[in-house]
2 protein chains.
Amino acid sequence: MDPITIQPIGVVRTPYVEKYDAPRQPEVDDRVDQATIELFPHQNFEQALEDLAGFDRIWLITWFDRAGSWKPKILTPRDRTKRGVFATRSPHRPNPLGLTCVRLIDVKGLVIRVEGTDLLDGTPVLDIKPYLPYADAFTDVRAGWTDDLAATQYTVVIEPDIEAAASELASHARRVLAHDPFPHPYRRIKMLDDGSYELAMKEWRCFYHINGQVVTVTAIVLLP
Amino acid sequence: MDPITIQPIGVVRTPYVEKYDAPRQPEVDDRVDQATIELFPHQNFEQALEDLAGFDRIWLITWFDRAGSWKPKILTPRDRTKRGVFATRSPHRPNPLGLTCVRLIDVKGLVIRVEGTDLLDGTPVLDIKPYLPYADAFTDVRAGWTDDLAATQYTVVIEPDIEAAASELASHARRVLAHDPFPHPYRRIKMLDDGSYELAMKEWRCFYHINGQVVTVTAIVLLP
């Protein structure tokens, strides 16, 4: 079959420049991120955007331009088993197409303000569609291997003085460790000789131990 | 921005060869349509499909290869006002990307059986993703101009002898007229001199009148 050529219609503008800046699961992450979609001029896209403002949510189809090569099996952030890439939302797919349902704030000329995206700044946008609940909203459906993951949630306790000293780092640690506090190739976590753990965050190190589903942070330390 | 080149990963196989064969709104239409997605061989796609079978629903991102040129404003089948194309699911968009959530039946090798698609036979498939309710299912959201359309539903009464004589045509008429019984450039409906209407279906003609929200079919006639 012949290849298809697509001309992007616009670009995503977000605060996320590097991959590690972006929230991995925007629906779970507690950061409120605002983003804009800037469509390209001189193509009548102003007209094509009319009537979009009445929708609460819209779909963005984007191109993961920094995804690199694809792999048939993928280790996703919360899992310990590799999964077929078509059973994941990983960007490392044969055609790195992104599909995100975002909250629509407003439309002004060629600029669309949205909330709830984890896209990197500069990501090309290929298409915009309205979210139609009758066609798109299916609750109570099995979500395959991800159903098992959703069942596990950890409680994170941070000692009060640690929390005060480094509240910003603490909130990062809380977010990361609540999802999965164990070492994993995608996380900067190592197990120490005494069975406790160390998480690296820039030049900071966060020390904690795990007891069942409870993760207790005992220290957040700045490297000398 | 540079154009993007996409190599399709497979092809849709459905009973719909021509545009008028396909159900316009698969979720409302009462036909049960089965389709298969055939992925192309020798690319490790068998591995990439592993773990997909546990999902009830999957997304297909496709390419409307027969859509023709795009238009900034579109008249959709149930509407009387042109809408900005990005506020519609029309195929006549700058990048004719299709987005469909289908019911997954099974996966065997490179063949995926699904239900609930209105895609034409031979449509190129660009990507397959699992349906994740936490990320994709939003009920109770405003759906812009389509909310007004959904409020209007017509009751169709077919005279008993007509129904018996032509039950298949009657069910087609019931389906088409319940959505919108008025003349429209996309439907083969005309108003007659006496204020009643005629719907053309292949070599058949269906005559009816409209009284408020009730459409009464008085005759289904085979052309000589």
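What this report covers is the structure whose coordinates are included nearby. (Residues numbered from 1 in each chain as written. Chains lettered and ligands numbered in written order. Predicted model: local features only at pLDDT ≥ 70, side-chain atom pairs only at ≥ 80, totals over all residues. Heavy atoms only, no water.)

**Considering the relation of the copies chain A and chain B**
Here's step 1: Mapping chain A onto chain B leaves a residual RMSD of 0.2 Å; the transformation is a rotation of 180° accompanied by 0.0 Å of translation along its axis. Taken together, the rotation and translation relating the two chain copies correspond to the operation of a two-fold axis. (Least-squares fit on C-alpha atoms with pLDDT ≥ 70 in both.)

**Looking at the interface of chain A and chain B**
Here's step 1: Listed per partner, the contact involves 71 residues of chain A and 72 residues of chain B.
Here's step 2: Approximately 6,700 Å² of surface area, both sides summed, lies buried where chain A meets chain B, with 63% of it carried by carbon and sulfur atoms.
Here's step 3: Contact with chain B buries surface across chain A, with M1(A), I4(A) and F86(A) losing the most and accounting together for 12% of the total.
Here's step 4: Counting the contacts that link chain A with chain B gives 10 salt bridges. (Contact = heavy atoms within 4.5 Å. Buried area = accessible area lost by both parts, 1.4 Å probe. Salt bridge = Lys/Arg side-chain N within 4 Å of Asp/Glu carboxyl O.)

**Regarding the pattern of salt bridges**
Pairing is possible between side chains of opposite charge, provided their charged atoms come close.
Here's step 1: For the coordinates displayed, the defined rule picks out 26 salt bridges over all chains.
Here's step 2: A salt bridge links D51(A) to R83(B); the nearest nitrogen and oxygen atoms lie 3.4 Å apart. Of this pair, D51(A) sits in the loop between α1 (45–48) and β4 (57–63) while R83(B) sits in strand β6 (residues 83–84), placing the two residues on different chains.
Here's step 3: Put simply, R93(B) and D127(A) hold a salt bridge, and the shortest N to O gap is 2.7 Å. One end of the pair, R93(B), is in the loop between β6 and β7 (97–108); the other, D127(A), is in strand β9 (residues 124–130), on a second chain. The pair formed by R93(B) and D127(A) is uniform in burial state, with each residue classed as buried.
Here's step 4: Each of R13(A), E38(A) and D121(A) takes part in a single network of salt bridges with overlapping partners. (Helix = DSSP H or I, 4+ residues; strand = E, 2+ residues; numbered from the N terminus. Buried < 20%, exposed > 50% of the residue type's maximum accessible area, 1.4 Å probe, protein only.)

**Regarding the sheet that holds strand β8 (residues 111–115) of chain A**
All names here are of chain A.
Here's step 1: Within the closed barrel, the six strands sit side by side as β2-β3-β8-β7-β4-β9. Their pairing is antiparallel. Recorded for the sheet is a direction-independent mean angle of 45° between the axes of neighbouring strands.
Here's step 2: Note: strand β3 (residues 34–39) against β8, five bridges, orientation antiparallel. Note that in β8 the partner of A35 across the bridge is V114. (Pairing = 2+ DSSP bridges. Axes fitted to C-alpha atoms, helices over the stretch in contact; angles between N-to-C directions.)

**Examining the pairing of strand β13 (residues 204–211) of chain B**
Residue and element names in this part refer to chain B.
Here's step 1: Pairing of strand β12 (residues 197–201) with β13 involves five bridges; the strand directions are antiparallel. In the strand pairing of β13, Y197 is matched with Y208.
Here's step 2: Remark: two residues form the turn of the hairpin made by β12 and β13, two consecutive strands paired antiparallel; K202 in that turn has positive phi of roughly 50°.
Here's step 3: Of the strand pairs in this sheet, β13 and strand β14 (residues 214–222) are connected by eight bridges, and their pairing is antiparallel. Following the sheet pairing, Y208 is matched in β14 by V217.
Here's step 4: Hairpin connection of β13 to β14: two residues between the antiparallel strands, including G212 at a positive phi of 65°.

**A closer look at the packing of aromatic side chains**
Here's step 1: If you walk through the whole model with that rule in mind, you get 13 aromatic pairs over all chains.
Here's step 2: Among the aromatic side chains, those forming a connected cluster through ring pairs are W59(A), Y131(A), F138(A), W59(B), Y131(B) and F138(B).
Here's step 3: The ring of F138(B) carries the charged tip of R57(A) above its face, separated from the ring centre by 3.5 Å. (Phe/Tyr/Trp six-rings, centres within 6.5 Å; stacked < 30°, edge-to-face > 60°. Lys NZ or Arg CZ within 6 Å of the ring centre and 35° of its normal.)

**Some details on the environment of I128(B)**
Here's step 1: For I128(B), the position within the fold is in strand β9 (residues 124–130).
Here's step 2: Classification of I128(B) by relative accessible area gives buried; the value is 0%.
Here's step 3: Separated by 27 residues in the primary sequence, I128(B) and C101(B) have C-alpha atoms spaced 9.9 Å apart.
Here's step 4: Apart from residues no more than four positions distant in its own chain, I128(B) is found in contact with F86(A), R93(A), I9(B), I37(B), L39(B), L52(B), I58(B), W59(B), L60(B) and I112(B).

**Thoughts on the sheet that holds strand β3 (residues 34–39) of chain B**
Residues and elements named next belong to chain B.
Here's step 1: Spatially, the six strands close up into a barrel ordered β2-β3-β8-β7-β4-β9, and their pairing is antiparallel. In this sheet, adjacent strand axes meet at a mean angle of 45° when their direction is disregarded.
Here's step 2: Alignment of strand β4 (residues 57–63) against β7, held across seven bridges, turns out to be antiparallel. Pairing of T62 across the sheet is with G98, part of β7.

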